[in-house]
Amino acid sequence: MHSFLLCGCAALTLFAFALSAQTTAAISGTVHDPTGAAIPGASVIVENAVTKFKAQVESDHSGVFAVRNIPFHTYSIVVRREGFQSFQETISLRSSVPQTLEVKLSLAAAADSVTVTASNELLVDPEETGTHIQMNQSDIERLALQTGNKGIESVIVSFPGFAQNANGAIHPRGAHNQMTYVIDGMPISDQLTGAFANAVDPNIVQTVELFTGNVPVEYGAKVSGVANITTKSGMGSGRRFSGSVLFNAARFDLLSQVTQVAGESGRFGYSAIVNTSKSNRHLDAVSLDNLHNGGNNERGFLRLDWQAGARDILRVNAMAGRSSCQLANLRSQHAAGMDQRQLLRDASGAISWVHTIDARTTLESTTSYRSTIAQLSPSAGDTPVTASQARHLSTFTTGARWNAVRGVHNIRAGFDVQRFPVSEHFTFGITDRGFNQPGAEGFNPNLLPHDLTRGGRLFDFRDRQTGGLYSGFLQDALSLGRWQFSLGVRYDSYRFLVNGNQLQPRVGFAYHLKETGTVLRGSYSRTYQTPPNENLLLSSSQQAAAIAPPAIQENLGSAVVLLRPERQNFLEAGLQQAVGRRASINASYYHKNATDQQDNNNFLNTGIIFPVTLSRIRVNGLEGRLVIPPIRGFSGSVSVTHARAISTPPFSGGLYIGNEAIALLTAGPFVIDHDQPLAVHGVLTYSHPTGFYATLSNRYDSGLVANPSDPAQVAADPDFSDLLPYVKLNATPARVQPRNIVDLALGWERIKDGRKRWDAGVQFTNLTARTALFNFQSVFVGTRLVQPFSAGARLRWFF
């Protein structure tokens, strides 16, 4: 089987060279004077003041220019050349079909300049039929991000629609963590949080686009949120070799460096990044003492671009990551000498080709392979259980896209083939005689065979299997005056432990009231979300079912219930509103209901997760985002999120060890820990022409649902008693206390002769030193604390 897959991978990779996903736009053209002569050295700027995307190139000796790697959106294009009047035009870029622009500059009668302002035309996007938000490299670099193993999710959480949880876990619109990250066309649906896998490095990102409503039909598998990431490219840099080296130091003995190089030569461009760090607070702590929590990680990224001809672009991406860390201890575990360690490794590669068939049609292809390995090593002092894990997941994906612009139609059609071999080995045994004691409340008799203190033996599970997901889609973006329609359909065929198929219509509309700067929108989407592959074999096994608590077994009967894909209906209504020429508002209300809800059961406070499903979930949410484009150096945004999530048992799958509350949760519908009445995330940025900049961010969370623990028992437990002030156990439902976290970054960027030379800065996270919890004794997450106050400094040289 493995030989067959390797041969198939090689064949399809070669097929990608000969056939040909690119999710960005391109624009090219020529610049002429009034006589038709070429104007070399003209500055061409493509910019959106709201998303803050900006790309700048110069026309060559023939007056020709080209700008690539542009996220789909509406842009202002400005062309300038000394001695000529400036040119400005607004253009919509929504397809990989290249657009051309012929620019004729008139002679200047006097000094002339054009300033890009956020007009009504750019403050709202009349072509968006769902919730779609962007953030760019310049904003990401100036955020004050927490120390430790954090990735792009620490940036995404500033968008509306997300509840923040521990170790980078984010809940998109009431879902657990059903995110897909698409990196230059390569889909990654792994659970990318610091505890379970290596997250995406924010340093590789040029632009991140987030879809949470009316998600385009080309995306499948995990689509509660889709982060479409365009990485940094050396094409358009204008230099053969350039780069930077950044050093960072902060509290908890954090030391890190990021080295970046990029350049272009003729039709070839390259970009490479290496990021290494170490910290004594690698993951979010499980106690106020931050015990046994050190770790390090290394990440690497490479992108190569080649303009093979007038009609062909070839791109190669490679990524790799490694993370080694201690698993955070409770006080009792530390006293016993517990020394569990975790190793996470991943490697990915992708090759993409875009072929321009004619002026209105392109063909794209991407073939990728990704491998992830997670290992947990036990220790002699493990308590209350000892455990080990060796998990290996590989994902091979190939697909193609056909794009065509035909009058008012923007058509995109394609297919994807995905195969995923899974290998799992997991062991555990009870080492504390007081844990799961016969006769005690919450006693599970099914665990006695694996109680090492009572003559039991290790639970030992091994298995490997291969699954597949086969998909096709067709979408048409139709423009009819003030109306915009998105008409799409997707078909998924899932073949793994269970077999299933789903036809998924996704349709939306937008109506533009130009006079008031208003866009009204509505959509319906049907989605088919596949189960997480991490430890899916164990969660669906007879061995796991045999040790489930009696309350779970009584609800399900004696048979093993295999985890099926989640089927979801999603309705959204929203509006965009320009506020004069100074701000924009994007608001939405959504309702979704789903059967076979996907979630995870966390194994104590380790880095081991087990997929589970519940019978169904119902979510209602309201969210909005206010964006203020740059005004005299100031810019900012405020995101507001409300979500109500009700889950209905019974549970299927999982491995419930030490989760006494599971019996309560099987009694009937309950408010799940994705539920949060209010989250507000604000970011204010100031940039001065001299190079000084400051970013202030503030996040308020009203509190996620916690475990309904007995306050008296918690007060008597030395591992958790000092956390009682930070959780409301007497509330219905129990929740962690509200928290307000303030972060601040200050810096100075030195620019000379139009080039960056160096920058230096300081950052303060949790500026007010607020002690707070992400969650408490949760069946799904465990207990984790928010990072306390931390100060750091950074220095970067450009070359």
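The rules behind these values
- Residues numbered from 1 in each chain as written.
- Predicted model: local features only at pLDDT ≥ 70, side-chain atom pairs only at ≥ 80, totals over all residues.
- Heavy atoms only, no water.
- Helix = DSSP H or I, 4+ residues; strand = E, 2+ residues; numbered from the N terminus.
- Buried < 20%, exposed > 50% of the residue type's maximum accessible area, 1.4 Å probe, protein only.
- Areas by Shrake-Rupley, 256 points an atom, 1.4 Å probe, with all protein chains shown as cover.
- Lys, Arg positive; Asp, Glu negative; His and termini not counted.
- Charge placed at Lys NZ, Arg CZ, Asp CG, Glu CD.
- Pairing = 2+ DSSP bridges.
- Axes fitted to C-alpha atoms, helices over the stretch in contact; angles between N-to-C directions.
- Phe/Tyr/Trp six-rings, centres within 6.5 Å; stacked < 30°, edge-to-face > 60°.
- Salt bridge = Lys/Arg side-chain N within 4 Å of Asp/Glu carboxyl O.
- Polar contact = N/O pair within 3.5 Å; in protein donor to acceptor, adjacent residues only side chain to side chain.
- Contact = heavy atoms within 4.5 Å.
- Core = buried A, V, L, I, M, F, W, Y, C linked by side-chain atoms within 4.5 Å.
- Patch = residues over 30% accessible without salt bridge, like charges linked within 9 Å, V, L, I, M, F, W, Y side chains within 5 Å.
- 1 Å grid on protein atoms, 1.4 Å probe; cavity = no way out; pocket = protein on both sides within 12 Å on 5 of 7 lines; lining within 4 Å.
- Points joined across faces, edges and corners; volume = space filled by probe spheres on them.
- Nonpolar A, V, L, I, M, F, W, Y, C, P; charged D, E, K, R; others polar.
- pLDDT = per-residue confidence, 0-100.

Now for the overall build of the chain. Along the chain, the regular secondary structure elements total 10 helices and 41 strands. Overall, the chain is about 95 × 50 × 50 Å in size when its C-alpha atoms are taken along their principal axes. Classification of the 799 residues of the chain by burial places 60% in the buried group. Total accessible area on the chain stands at roughly 29700 Å², and carbon and sulfur atoms take up 59% of it. Taken together, the 68 basic and 61 acidic charged side chains of the chain have centroids lying 2 Å from each other.

This next bit is on the sheet that holds strand β8 (residues 132-136). Spatial ordering of the open sheet is given by β8-β13-β14-β11-β12, a layout of five strands whose pairing is mixed. Two strands lie at the open edges of the sheet, namely β8 and β12 (186-188), each paired on one side alone. Averaged over neighbouring strand pairs, the angle between their axes works out to 20° when direction is ignored. Pairing of strand β11 (residues 179-183) with β12, which is carried by three bridges, proceeds in the antiparallel orientation. When the bridges of β12 are listed, tyrosine 181 appears paired with isoleucine 188.

Further remarks concern the packing of aromatic side chains. On inspection of all chains with the given rule, the structure shows 21 aromatic pairs. Both rings, one in phenylalanine 211 and one in tyrosine 219, keep their centres 5.9 Å apart while their planes meet at 40°; by these two values the pair is tilted. There is no split in this pair, since phenylalanine 211 and tyrosine 219 are both buried. Here the aromatic residues Phe426, Phe428, Phe459, Phe603 and Phe610 are joined through ring pairs into a cluster of three or more.

Counting buried residues along strand β22 (residues 385-406), 17 of its 22 residues qualify, which places the element largely inside the surrounding structure. The sheet contact formed by β22 and strand β23 (residues 409-430) spans 20 bridges and is antiparallel. Bridge pairing in β23 links threonine 386 to glycine 429.

Turning to the pattern of salt bridges, a few remarks are in order. Tallied over the full model, the rule gives 37 salt bridges. A salt bridge links aspartate 701 to arginine 699, with the nearest nitrogen and oxygen atoms 2.9 Å apart. The same class applies to aspartate 701 and to arginine 699, which are both buried. In this structure, a network of salt bridges that share partners links the residues Glu141, Lys232, Asp759, Arg794 and Arg796.

Turning next to the side chain of glutamine 568. With respect to the element layout, glutamine 568 can be found in strand β28 (residues 566-579). On the basis of relative accessibility, which here comes to 3%, the residue glutamine 568 falls in the buried class. Engagement of the side chain of glutamine 568 in a polar contact is seen with the side chain of glutamate 566, the distance being 3.0 Å. Not counting residues up to four positions away in its chain, the partners in contact with glutamine 568 are Ser525, Arg526, Thr527, Gln529, Lys592, Asn593 and Ala594.

It is worth spelling out unusual backbone geometry at this point. Looking along the chain, the bond that leaves threonine 383 and enters proline 384 is cis, with omega of 0°. Looking at the element boundaries, proline 384 is found in the loop between β21 (361-377) and β22. Residue threonine 732 is joined to proline 733 through a cis peptide bond whose omega torsion reads -5°. One can find proline 733 in the loop between β35 (727-728) and β36 (735-736). Of note, aspartate 753 is a non-glycine position whose phi angle comes to about 55°, a positive value. Residue classification places aspartate 753 among the exposed residues on the basis of a relative accessible area of 67%. With phi around 50°, glutamine 777 is a residue other than glycine that occupies positive phi space. Within the secondary structure, glutamine 777 sits in strand β39 (residues 773-778). Classification of glutamine 777 by relative accessible area gives partly exposed; the value is 22%.

This brings us to the sheet that holds strand β5 (residues 73-80). Strand order in the open sheet formed by four strands is β3-β2-β5-β6, with antiparallel pairing between adjacent strands. Of all the strands in the sheet, the pair left with one neighbour each is β3 (53-58) and β6 (87-93). Direction aside, neighbouring strands of the sheet carry axes that sit 20° apart on average. With five bridges joining them, strand β2 (residues 43-48) and β5 adopt antiparallel strand pairing.

Membership of the largest hydrophobic core comes to 32 residues, with the highest contact counts inside it found for Ile152, Ile156, Phe162, Tyr181 and Ile229. Of all elements in the fold, only β8, α4 (153-156), β11, β12, β13 (205-211) and β14 (225-231) reach the threshold of two or more residues within this core. Leave out the neighbours within four places in its chain, and isoleucine 152 touches Ile140, Tyr181, Val200, Pro202, Val205 and Ile229. Counting 31 residues, the second-largest nonpolar core is a separate cluster that includes Leu393, Tyr494, Phe610 and Leu655.

A cluster of nonpolar side chains, Val579, Ile585, Leu626, Ile628, Val638, Val640 and Leu678, forms an exposed patch at the surface whose accessible area comes to about 440 Å². At the level of secondary structure, the elements contributing two or more residues to the nonpolar patch comprise β30 (609-631) and β31 (634-653). If you trace the backbone, leucine 626 turns up in strand β30. A relative accessible area of 31% means that leucine 626 is categorised as partly exposed.

Take glycine 83: it is sitting in the loop between β5 and β6. What glycine 83 contacts, discounting residues up to four positions off in sequence, is Leu107 and Ala108.

The residue aspartate 284 is located in the loop between β17 (268-279) and β18 (295-307) in this model. Taking the C-alpha atoms as reference points, aspartate 284 and leucine 785, 501 residues apart in sequence, are found 6.0 Å from one another. At a separation of 2.5 Å, a polar atom in the side chain of aspartate 284 contacts the main-chain amide nitrogen of asparagine 167.

Further remarks concern empty space enclosed by the protein. Empty space among the atoms becomes visible once a probe the size of a water molecule is rolled across them. Considering only enclosed or pocket space, the second largest cavity measures out at about 470 Å³ in volume. Taken together, the elements giving at least two residues each to the lining of the second largest cavity come down to α2 (120-123), β8, β29 (583-602), β30, β31 and β33 (676-687). It is β8 that contributes the most residues to the lining of the second largest cavity, four residues altogether. A class-by-class count of the residues in the lining of the second largest cavity yields 11 nonpolar, 13 polar and six charged.

Now for the confidence of the model for the chain. Chain-level statistics for the chain give a pLDDT mean of 89 and a share of 93% at 70 or above. In this model residues 1-21 is a low-confidence stretch, pLDDT under 50, and it forms 38 contacts with partners more than four residues away in sequence or in other chains. Segment residues 111-118 is flagged for pLDDT under 50; beyond a separation of four residues in sequence, or across chains, it makes 18 contacts in the model.

In terms of strand pairing, strand β15 (residues 242-250) meets strand β16 (residues 254-265) through nine bridges, oriented antiparallel. Counterpart to glycine 243 in the pairing with β16 is valine 261. Here β15 hands over to β16 after three residues, with phenylalanine 252 in that stretch at a positive phi of 65°. As defined by bridge partners, β16 adjoins β17 across 11 bridges and the pair is classed as antiparallel. The residue of β17 that forms the bridge with valine 258 is asparagine 275. Connecting the antiparallel pair β16 and β17 is a turn made up of two residues, with glycine 266 showing a positive phi of about 65°.

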